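The lines below spell out each chain.
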Amino acid sequence: QVQLVESGGGLVQPGGSLRLSCAASGSIFSIYRMGWYRQAPGKQRELVAHTTSRGSTNYADSVKGRFTISRDNAKNTVYLQMNSLKPEDTAVYYCNADIATHFSSASGYWGQGTQVTVSS
């Protein structure tokens, strides 16, 4: 089995910063794409950013220039550095990863979500 465990969410004032982490564990053979999604109340889940195993990245237009995604392949961990946070960034942030285990081909896995609230 595979688990994705997120950490780093919380309450921050507008203009502040947070860093989210997501660590994958279990019978992992290989991790391909890793990314972050978010879901605000009453809205659909949306892609924030993702990165491939080779390090290429993609960002939602709304976070370009403010958020940075990175990964540590040795630790099976993906990070999301969020700067210049805005109230509209308030959402539950979910980690997602495409992972092949020692027993199965690549499949998508989700973390449990971590709340980010941007408010004064």
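Structure first, text after, so check above.
Read on for a plain summary of the structure. Just so it is clear, the structure is predicted and the values come from calculations on it, not from any experiment.

### Some words on the side chain of Arg-71
Here's step 1: By the secondary structure assignment, Arg-71 is in strand β7 (residues 67-72).
Here's step 2: Buried and unpaired, Arg-71 has Asp-72 as its nearest opposite-charge partner, separated by 8.3 Å.
Here's step 3: Within the local environment of Arg-71, its side chain forms a polar contact with the backbone oxygen of Thr-51, the two atoms lying 3.2 Å apart.

### Details of the packing of aromatic side chains
Here's step 1: One pass over the full model with this rule turns up 2 aromatic pairs.
Here's step 2: Summarising the aromatic geometry, the rings of Tyr-37 and Trp-110 are spaced 5.0 Å apart at their centres and angled 65 degrees between planes, so their arrangement reads as edge-to-face. With Tyr-37 in strand β4 (residues 28-39) and Trp-110 in strand β10 (residues 107-110), the pair connects residues that are 73 residues apart, well separated along the chain.
Here's step 3: According to the relative accessible area criterion, Tyr-37 is buried, its value standing at 16%.
Here's step 4: Judged by centre distance (6.4 Å) and plane angle (85 degrees), the ring pair of Tyr-94 and Trp-110 falls under edge-to-face. Remark: Trp-110 occurs in strand β10 and Tyr-94 occurs in strand β9 (residues 91-101); sequence separation between them is 16 residues.
Here's step 5: Residue Tyr-94 is classed as buried on the basis of its relative accessible area, which comes to 15%.
Here's step 6: Of the aromatic side chains, those joined through ring pairs into one cluster are Tyr-37, Tyr-94 and Trp-110.
Here's step 7: Directly above the ring of Tyr-79 sits Arg-19, whose terminal nitrogen or CZ lies 4.1 Å from the centroid.
Here's step 8: Of note, Arg-45 hangs over the ring of Trp-110, and the distance from its end group to the ring centre comes to 4.6 Å.

Each value, and the rule that gives it
Per chain, residues are indexed from 1 in the order of the written sequence. Local features are withheld for residues below a pLDDT of 70 in this predicted model, meaning they are given only at 70 or higher, and side-chain atom pairs are given and counted only at 80 or more; totals for whole chains, interfaces and linings count all residues. The side-chain quantities take in all heavy atoms of the structure and omit both hydrogens and water. Counting from the N terminus, the helices are the DSSP runs of H or I reaching at least four residues and the strands are the DSSP runs of E reaching at least two. Think of it in three bands: with a 1.4 Å probe and only protein chains considered, a residue is buried below 20% of the maximum accessible area for its type, exposed above 50%, and partly exposed in between. Two residue types count as positive, namely Lys and Arg, and two as negative, namely Asp and Glu; His and chain ends fall outside the count. One speaks of a salt bridge when a side-chain nitrogen belonging to Lys or Arg is within 4 Å of a carboxyl oxygen belonging to Asp or Glu. The definition of a polar contact used here is a pair of N or O atoms within 3.5 Å, where within protein one atom must be able to donate a hydrogen and the other to accept one, and adjacent residues in sequence count solely through side-chain atom pairs. Each Phe, Tyr or Trp ring (for Trp, its six-membered ring) is paired with any other whose centre lies within 6.5 Å, and the angle between the two planes then decides the class: stacked below 30 degrees, edge-to-face above 60, tilted in between. For a Lys NZ or an Arg CZ to count as sitting over a ring, it must be within 6 Å of the ring centre and within 35 degrees of the ring normal.

Any functional reading would require information beyond the geometric quantities listed.
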